[in-house]
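# Understanding the architecture of this molecule
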Amino acid sequence: LFVDLLARFGTRAAMLPKTFYDDFIEVCRQEADHYFKWHERLEDMGVTYGTLPVHDGLWRAAYETRGDLLERLAVINMVHEARGLDTYPMSRKKLSNARDTKSVAILDKNFSEEITHVAKGVFWFTFVCEQRSLEPKAMFQEIVLKHIKLPLKGPFNFEARAQANFDKSWYSDLST
């Protein structure tokens, strides 16, 4: 997803600083690591990575947001990746209760990195809005209304989202 983001939106015409590319190259590396760790873990459990419905949702969202960097950042980083922050406590509890320490270790490592992915999405979304003279919160909400079946699902991990500099006023009006 993030290689596509760089290839699709990272042209000279985008007028993005080098740090944009640095940030998303780092995200690409981390996401590749997440993929390989989960691929191996799921294989150990007799499940093929990509066969679960959750795996397809991000690709559909990437296709739907192929025309605009703001839409991609809002939907992938600030909705889907942020949802991963929200589901972390319950997922961790289930895996811990099942005494699946290998999966817990993968989940814990990924969680801390996902906070930075959401933070990068928020930062660059705001940056591009400012370049385009758009109000970031209003633009985020407009994009979510266009692309996401509402309401946004809670409960929200407000603490993790705050660590990612994702203010709850941006998304709380869009939830139940």
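Calculation rules
Residues numbered from 1 in each chain as written. Predicted model: local features only at pLDDT ≥ 70, side-chain atom pairs only at ≥ 80, totals over all residues. Heavy atoms only, no water. Helix = DSSP H or I, 4+ residues; strand = E, 2+ residues; numbered from the N terminus. Salt bridge = Lys/Arg side-chain N within 4 Å of Asp/Glu carboxyl O. Buried < 20%, exposed > 50% of the residue type's maximum accessible area, 1.4 Å probe, protein only. Axes fitted to C-alpha atoms, helices over the stretch in contact; angles between N-to-C directions. Parallel < 35°, antiparallel > 145°, perpendicular 65-115°, else oblique. Contact = heavy atoms within 4.5 Å. Nonpolar A, V, L, I, M, F, W, Y, C, P; charged D, E, K, R; others polar. Core = buried A, V, L, I, M, F, W, Y, C linked by side-chain atoms within 4.5 Å. Phe/Tyr/Trp six-rings, centres within 6.5 Å; stacked < 30°, edge-to-face > 60°. Lys NZ or Arg CZ within 6 Å of the ring centre and 35° of its normal. 1 Å grid on protein atoms, 1.4 Å probe; cavity = no way out; pocket = protein on both sides within 12 Å on 5 of 7 lines; lining within 4 Å. Points joined across faces, edges and corners; volume = space filled by probe spheres on them. Arc of directions from axis to C-beta.

### Some points on the environment of Phe123
Locating Phe123 in the fold gives a position in helix H5 (residues 101-131). Remark: the alpha-carbon pair of Phe123 and Ala164, spanning 41 residues in sequence, is separated by 9.1 Å.

### Remarks on the pattern of salt bridges
When the charged atoms of two side chains with opposite charge come close together, those side chains can pair. The full count for this structure, using the stated rule, is 14 salt bridges. Put simply, Lys18 and Asp22 hold a salt bridge, and the shortest N to O gap is 2.9 Å. Here Asp22 and Lys18 lie together in helix H2 (residues 18-44), a separation of 4 residues that amounts to about one turn. According to the relative accessible area criterion, Asp22 is partly exposed, its value standing at 36%. One salt bridge connects Arg83 with Asp86, and the closest N-O pair in it is separated by 3.4 Å. Of this pair, Arg83 and Asp86 both sit in helix H4 (residues 69-97), 3 residues apart, which is roughly one turn of the helix. Among the residues examined, Arg83 registers a relative accessible area of 23% and is labelled partly exposed. A cluster of three or more residues bridged by salt bridges with shared partners is formed by Asp33, Lys37, Lys109 and Glu113.

### Re the packing of helix H1 (residues 2-9) against H2
Between H1 and H2, the shortest axis-to-axis distance is 8 Å and the interhelical angle comes to 155°. Comparing their axes, H2 and H1 come out roughly antiparallel. Contacts between H1 and H2 pair Phe2, Val3, Leu5 and Leu6 from the former with Phe20, Tyr21, Phe24, Ile25, Val27, Cys28 and Glu31 from the latter. Of the residues that constitute the contact of H1 with H2, the class distribution is 10 nonpolar, no polar and 1 charged.

### Let's talk about the nonpolar core
Core analysis: the biggest nonpolar cluster contains 45 residues, and Leu5, Phe24, Phe125, Phe140 and Phe166 have the highest contact counts within it. Among the secondary structure elements, those contributing two or more residues to this core are H1, H2, H4, H5 and helix H6 (136-147). It is H4 that provides the largest number of residues to this core, a total of 11 residues. Beyond its immediate chain neighbours, meaning those up to four positions away, Phe125 contacts Leu70, Leu73, Ala74, Met78, Pro136, Met139, Phe140, Ile143 and Trp170.

### Notes on the packing of aromatic side chains
Counting across every chain of the model gives 17 aromatic pairs. Here Phe20 and Trp124 contribute two aromatic rings whose centre-to-centre distance is 5.3 Å and whose plane-to-plane angle is 90°, an arrangement assigned as edge-to-face. One end of the pair, Phe20, is in helix H2; the other, Trp124, is in helix H5, and 104 residues separate them in sequence. Here the two residues Phe20 and Trp124 agree in accessibility, since each one is buried. An aromatic cluster of three or more residues is present, and its members are Phe2, Phe20, Tyr21, Phe24, Phe123, Trp124 and Phe127. Directly above the ring of Tyr63 sits Arg66, whose terminal nitrogen or CZ lies 3.8 Å from the centroid.

### Thoughts on the layout of surface pockets
Unfilled space is identified by rolling a water-sized probe across the atoms. Empty space within the second largest pocket amounts to approximately 190 Å³. The residue inventory of the lining of the second largest pocket, partitioned by class, reads 4 nonpolar, 3 polar and 3 charged.

### Description of H1
Side chains of residues three or four places apart in an α-helix project in the same direction, reflecting 3.6 residues per turn. The set of residues buried in H1 consists of Phe2, Leu5, Leu6 and Phe9. Viewed end-on, H1 has its buried residues packed into an arc of 100°, placing them on one side of the element. For H1, exposure combined with an orientation more than 90 degrees from the buried face picks out Val3 and Ala7. Buried residues belonging to H1 abut H2 and H4.

Keep in mind that these numbers describe shape and distance, not what the molecule does.
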